[in-house]
Structures are given as C-alpha cells and as structure tokens.
Amino acid sequence: MSRVVVVGGGIAGLAAAHALVRAGAEVTVVEGATEVGGKLRVSEVAGVAVDEGAETFLRRRPEGVELAAAVGLGEDLVSPAVGGAQVWARGGLRPLPPRTVLGVPADPAGVGGVLSPIEVARVRLDRWLPGTAPGGDVAVGEWVGRRLGRAVVDRLVDPLLGGVYAGRADRLSAAATLPQLPRTERSILAAANRAVAAAGPSDQPIFAGLPAGLGTFPAAVAESITAGGGHIVTGRAVRRLERTASGWQVVHGATIDEQVIDCDGVVIAIPAAPAARLLQAHAPAAASRLGDIEAASVAIITTAWRTEDAPAVASSGYLVPAVYRRPVKAVTLSSTKWSHLRGDKAIVRCSIGRHGEVADLQRDDSELVELAAAELTSFAGFRGAPIDARVSRWGGGLPQYAVGHLDRVAAIRADLAELPAVAVCGASFDGVGIPACIRTGLDAACAVLAGLTPHEQP
Ligand SMILES: Cc1cc2nc3c(=O)[nH]c(=O)nc-3n(C[C@H](O)[C@H](O)[C@H](O)COP(=O)(O)OP(=O)(O)OC[C@H]3O[C@@H](n4cnc5c(N)ncnc54)[C@H](O)[C@@H]3O)c2cc1C
C-alpha cells in the first residue's frame, strides 16, 4: 500500500486526503494547528455559532457540494434566505447591478445608480472605442478602466475583488481572476455579455452554507478520512522534507520533539510561503516562484446586536469601495442572510484589510470592534452598541494572483513534476474559493498517485 503524507489540514489538504484514502493509499494528514480546517472555523458570539472565516461556497461548481455529500453533509446544506447584496456608491447603499462578471457589466443599463449618467455613457463607449484586445495577461483595473472608465473599477470591480481576494484591481491578474472574460475580444462589454449568457439563467441557489457553520465541514471530512483508515495528526507543524532512496521523510514537531514519517508521496496543502520553505532544498526554482506569491491579511469582526437596535433590511450586506477610505470594506448581515442565524440577536460580520494596507489591522481588538460599530451606526442604520463581539485575524489569509499568476503556477507544477510523487494544492493556485481549493486537492491526489505508479511496479 502506498503511504502518502498530506501536509496541512485545510479544506484542500482534507479533500486530497479523502480522495487518497478512497484510492486505497495509507494516508496521514499532518496539521500544524490544534484543529483541522484552516480558514474554515466556527465559534460562538453572544452564544450563537458563527463562522470566523469562510461562511459559504459556490454551488455552481460541483466540488464543494460533492465533498459535502460524500461526508454525509449533503442534506444539511442550506442556501441564503436573501440575496441582494449592495454597494456604497454616490452617497448611499445601491443594489449591486445584475448581469456582471465580478462587477464587469454585460449591460450598461444595469449600472445606473452605482454610476452617474455620464459614467454610464462612458461605459457604453466601449462598443465604439478603438484599441486592441489585451491578448496576454493584464491587471484587471487597467483593462476594465481603459474600456469602461475608472468608475466601474472603483465602485464595482475593485470592491468585489476586495471581497473575494482582499486584493486590488490594479494589481490582480485578469487571466487568473476573470477567466470567464476572453482577452481576445476588443469590447469588454461583448466579452461580459458572452460570459453571462454562457453561465445561463439558474433557478438553482448559487451559494451554500451549513446551519452549524461552514467551520464544521472540515471536521466531517476528517471523520470520514479516519473512518476510511487514514490518520490525522494535529498540533504538529511540518518542518522539513527529506528525500530517501525510495521516497520521502516528513519531519514534524518542535526541534526538541521531532518525529519522522516515512512515505512514498507528499501532498503539500499549505500557503505558498511555508510551502516555499519546505521545497527550498528540493526544488529551488519552484520554491522561489512560490515565494513570489504574496498574501493579504484580513480581520473579520463579528458583532451581535439587540434586534431592536438593528435596521430591518432585505439585503445580505454591502461592500464599501476603497475610494471612500472607510476601514470596513464589507459588511455581511449574517442573521438576515441565513435563516439559521435568526433569533433574538442580530449578527453582523465586518471585514477589514486590503492587500498592501495594514495600518488598520495593527489596531488592537477593541479598536477594531469600535471601527466596525462606527461603520454600522454611521452608514447602516444600527443604533447603540453591540452586545458582544469577536475579532478573527487572518494574517496572510488570502493569496494574491498578480499579473502572470497562471504562468507562475504552470512553472511551479512543471518544476515539481521533476520530483517523485510530490504535488502542491490549496488557495495559492487555481482560485481562493472553497470549490476551487477542493479541486486542487483532488488534482494533487491524482498527481501524487500517478507519480507513485513507477515505484510500485515490480
Ligand atoms: C476571512 C476569510 C473569509 C473567506 N470566505 C470565503 C467564503 O465565504 N467562501 C469561499 O469559498 N472562500 C472563502 N475564503 C477563502 C477560503 O476559505 C480559503 O481560500 C480556503 O479555505 C483555503 O483552504 P486551503 O486548504 O488552501 O488553506 P488553509 O485553509 O490555509 O489551510 C492550510 C492549513 O495548513 C496548515 N499549515 C500551515 N503550515 C503548516 C505546516 N508547516 N505544517 C502543517 N500544517 C501547516 C494551516 O494551519 C492550515 O490549517 C475566505 C478566506 C478568508 C481568509
């Protein structure tokens, strides 16, 4: 039986381990924290279980729904009770326009409200403006701004990218973050139109969550892994990998308490910076490229309010564009969005932190709670003060897909293909969303199994 170690027990590593156990490998997941889950974690605020990190995943891709079903959570998945997110624009909260691709409109008529009439007219110009299609990779902000005007970048695309990647439109790669928009088309409106049409109308819910919190998902996957004969070791960071004649040694634990696992293959499912350190001695070029992938830090401030102090709104929350220079960049009205969070308290999550801006994150927890409360009372109609609050800090929590990201990832994978039975997976590669992370885990499991085949032949 092939022995595979999975380094990192976030959702990507767990997905890889789950697939490897099913394929008949002897699997050990080694996780540095005291619990598996990574960015999926749940704890209580005012006695209510609320996610600290990711709270929902896309249903339109199959990977999240399929893994949930495989570990017995398929029937538990719930959808948001309300959609209708908003964005702060032109002095008030406005509905996010329909028919956009991450804020890039397919239809100029839909962006009125968020944009002034003159800015909408600028969007329409895209159809007639001369110019050539970018062809290769380009920063999202540069491309969208050139075709549709800066207002679309500032008030739609940048806030949406800020919500997903905590990144900035002027730095993020169009090829990696807007793969639905072919860069071979001169008109970006035409490209967005085609992408929206290809996605098709859907009467199915777009997002899924779990009533006990999405943070309970990893434990269910871990349980399924151990039920299948796999092992999970927590509280032990992997410090280095060593080559042996027949495979690998995975060294984990503190210097005074090192332990070694001998194995045939390794899945590395940790963020890019620590992955670079593990690979430095074996694949320096891949390690250097991994080291080039930057990450943004964010904090989620979850507040609980008396329901009488909360406004009655039918929106799941709102985004605050960076151009308005407010510390909070996104607000999720959690107990409006999710039926299971409705009760005698209003639960609200505020998100702070954009790539390259760390000043606000250097404040202490009580100051962050004050900032979140001030945002909600000044701009969202809350009264008084929260009755409870929790600050969850995610240092380096979101990898940044800079221009050239796809080439960088292809080169990393090509470099690692030179090593026996080693693959990387996780949020640093093909998408930060949970289904995309699961996909990388499944692909890494396949790559390692394929790499093992020659060793297993007699
Ligand atoms: C605040 C926040 C909100 C988000 N919201 C959403 C959302 O609503 N929907 C969505 O789809 N996505 C969301 N995301 C993104 C998504 O949650 C993450 O991209 C995804 O969970 C990353 O999974 P991963 O397995 O790649 O990495 P991680 O979750 O980072 O897991 C990596 C694991 O490796 C461990 N580790 C690190 N180094 C070592 C080592 N040397 N040895 C052993 N273990 C190690 C870590 O402790 C960690 O458990 C959010 C992200 C953040 C930060």
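Residues numbered from 1 in each chain as written. Predicted model: local features only at pLDDT ≥ 70, side-chain atom pairs only at ≥ 80, totals over all residues. Heavy atoms only, no water.

*Asks:* I tried to follow empty space enclosed by the protein on my own but got confused; where do I start?
*Replies:* A water-sized probe, rolled over the atoms, reveals where empty space remains. In this structure the tally under the stated criterion is two cavities of 30 Å³ or more. Taken as a whole, the largest cavity holds about 90 Å³ of empty space. In terms of lining residues, the largest cavity is bounded by 14 residues, among which Asp51, Glu55, Trp338, His340 and Leu341 are the most central. No other element matches the three residues that strand S4 (residues 48-51) contributes to the lining of the largest cavity. A breakdown of the residues in the lining of the largest cavity according to their chemical character gives seven nonpolar, four polar and three charged. Taken together, Asp158, Pro159, Gly162, Leu319, Val320, Pro321, Ala322, Lys329 and Arg354 make up the lining of the second largest cavity. (1 Å grid on protein atoms, 1.4 Å probe; cavity = no way out; pocket = protein on both sides within 12 Å on 5 of 7 lines; lining within 4 Å. Points joined across faces, edges and corners; volume = space filled by probe spheres on them. Helix = DSSP H or I, 4+ residues; strand = E, 2+ residues; numbered from the N terminus. Nonpolar A, V, L, I, M, F, W, Y, C, P; charged D, E, K, R; others polar.)

*Asks:* How should a nonpolar patch on the surface be read in this particular structure?
*Replies:* Judged by side-chain polarity, Leu58, Ile206 and Phe207 come together as a nonpolar surface patch covering roughly 220 Å² of accessible area. Locating phenylalanine 207 in the fold gives a position in strand S10 (residues 207-208). Overall, the relative accessible area of 36% leaves phenylalanine 207 in the partly exposed class. (Patch = residues over 30% accessible without salt bridge, like charges linked within 9 Å, V, L, I, M, F, W, Y side chains within 5 Å. Areas by Shrake-Rupley, 256 points an atom, 1.4 Å probe, with all protein chains shown as cover. Salt bridge = Lys/Arg side-chain N within 4 Å of Asp/Glu carboxyl O. Buried < 20%, exposed > 50% of the residue type's maximum accessible area, 1.4 Å probe, protein only.)

*Asks:* In this structure, what is going on with the site of the ligand? I would like to understand it.
*Replies:* Near the ligand you find 32 residues, and of these Glu31, Lys39, Thr56, Val238 and Val432 are the closest. At 2.6 Å, a backbone N or O of threonine 56 approaches a nitrogen atom of the ligand. Expressed as a share of its isolated accessible area of 1000 Å², the protein-covered part of the ligand is 86%. Counting only elements with at least two residues in the shell around the ligand, the list comes to helix H1 (11-22), strand S16 (295-306), strand S20 (388-399) and helix H14 (434-456). Top contributing element to the shell around the ligand by residue count: S20, with three residues. (Near = heavy atom within 4 Å. Polar contact = N/O pair within 3.5 Å; in protein donor to acceptor, adjacent residues only side chain to side chain.)

*Asks:* What is the right way to look at the sheet that holds strand S11 (residues 231-233) in this model?
*Replies:* The strands making up a sheet associate through backbone hydrogen bonding, with each pair oriented either parallel or antiparallel. Taken in spatial order, the five strands line up as S11-S2-S1-S15-S21 in an open sheet, and their pairing is parallel. Edge positions in the open sheet fall to S11 and strand S21 (422-424), since each of these has one partner strand only. In this sheet, adjacent strand axes meet at a mean angle of 15° when their direction is disregarded. Of the strand pairs in this sheet, strand S1 (residues 3-7) and strand S2 (residues 26-30) are connected by five bridges, and their pairing is parallel. Bridge pairing in S2 places valine 6 opposite valine 29. (Pairing = 2+ DSSP bridges. Axes fitted to C-alpha atoms, helices over the stretch in contact; angles between N-to-C directions.)

*Asks:* For this particular structure, what's the right way to read the domain arrangement of the protein chain?
*Replies:* Where interface size is quoted, it is often the accessible area lost as the parts come together. Each domain of the protein chain was delimited in the assignment, giving domain 1 (3-35 + 215-293 + 401-456), domain 2 (96-199) and domain 3 (295-399). Placing the centre of domain 2 and that of domain 3 at their C-alpha centroids yields a distance of 27 Å. Of the residues lining the interface, 13 residues belong to domain 2; the matching set on domain 3 comes to 14 residues. In this assembly, domain 2 packs against domain 3 so that about 1000 Å² is buried in total across both faces, 65% of it on carbon and sulfur atoms. Considering only the surface of domain 2 that becomes buried against domain 3, Pro159, Ala166 and Arg168 emerge as the three largest contributors, covering 44% of it. Our count for the contact surface shared by domain 2 and domain 3 stands at one salt bridge. Two residues, arginine 168 and glutamate 357, come together in a salt bridge whose shortest N-O distance is 3.1 Å. Taken together, the residues that form the side of domain 2 that touches domain 3 break down as six nonpolar, two polar and five charged. (Domains from an automatic or database assignment. Contact = heavy atoms within 4.5 Å. Buried area = accessible area lost by both parts, 1.4 Å probe.)

*Asks:* How do you make sense of the pairing of strand S13 (residues 248-252) when you look at a structure like this?
*Replies:* When a strand is regular, its side chains alternate between the sheet's two faces. Across the five residues that make up S13, a large majority, four, are buried. Bridge analysis of strand S12 (residues 238-243) against S13 gives five bridges, and the strand direction is antiparallel. Looking across to S13, one finds that arginine 243 is bridged to tryptophan 248. Between S12 and S13, which follow one another and run antiparallel, lie four residues. Direction of pairing for S13 relative to strand S14 (residues 259-263): antiparallel, over a ladder of five bridges.

*Asks:* For this particular structure, what's the right way to read the environment of arginine 183?
*Replies:* Looking at where arginine 183 falls in the secondary structure, it is placed in the loop between helix H6 (174-177) and helix H7 (188-199). Spatially, the C-alpha atoms of arginine 183 and alanine 237 are 41 Å apart, while their sequence positions differ by 54 residues. The residues touching arginine 183, leaving out its near neighbours within four places in the chain, are Ala133, Pro134, Gly135, Gly136, Asp137, Val138, Trp143, Ala174 and Ala175. Among the polar contacts made by the side chain of arginine 183, one reaches the main-chain carbonyl oxygen of glycine 136 at a distance of 2.9 Å.

*Asks:* Help me understand unusual backbone geometry in this model?
*Replies:* Peptide bonds are, in most cases, trans, and in most cases residues other than glycine have a negative phi. Its identity is not glycine, yet leucine 102 carries a phi of approximately 45°, on the positive side. Within the element layout of this structure, leucine 102 appears in the loop between strand S8 (100-101) and strand S9 (104-105). Taking the relative accessible area as the measure of exposure, leucine 102 reaches 24% and is therefore partly exposed. Of note, arginine 325 is a non-glycine position whose phi angle comes to about 55°, a positive value. Along the chain, arginine 325 falls in the loop between strand S17 (317-319) and strand S18 (328-332).

*Asks:* Is there a simple way to think about helix H5 (residues 150-165) in this case?
*Replies:* Each turn of an α-helix holds 3.6 residues, which means side chains three or four residues apart point in the same direction. A maximum bend of about 35° is found in H5 at valine 157, where proline proline 159 lies one to four positions downstream. Here H5 lies mainly inside the structure; 13 of its 16 residues are buried. (Bend = angle between axes of the 7 residues up to and from the residue.)

*Asks:* When you look at the pattern of salt bridges in this model, what are you seeing that I'm missing?
*Replies:* Oppositely charged side chains are able to pair whenever their charged atoms sit close together. Scanning the entire structure with this criterion turns up 28 salt bridges. Across the pair aspartate 257 and arginine 236 runs a salt bridge, and its minimum N-O distance is 2.6 Å. One end of the pair, aspartate 257, is in the loop between S13 and S14; the other, arginine 236, is in the loop between S11 and S12, with 21 residues separating them in the sequence. Looking at arginine 236, the relative accessible area reads 12%, which means it is buried. Salt bridges linked by common partners bring Asp158, Arg168, Arg354 and Glu357 together as one network.

*Asks:* Is there a simple way to think about the sheet that holds strand S19 (residues 345-352) in this case?
*Replies:* What the seven strands build is an open sheet, ordered S7-S6-S17-S18-S19-S16-S20; its pairing is mixed. Each edge of the sheet is formed by a strand with only one pairing partner; in this case those strands are strand S7 (92-95) and S20. Strand after strand, the sheet turns through a mean of 30° between neighbouring axes, direction not considered. Where S18 and S19 come together, four bridges link them in antiparallel fashion. Within the sheet, the bridge partner assigned to alanine 330 lies in S19 and is serine 351. Lying on the sheet, H5 is in contact with strand S6 (86-89), S16, S17, S18 and S20; it crosses S20 at an angle near 95°. Where helix H12 (residues 365-379) meets the sheet, its contacts fall on S6, S7, S16, S17, S18, S19 and S20, and the angle it forms with S16 comes to roughly 65°.

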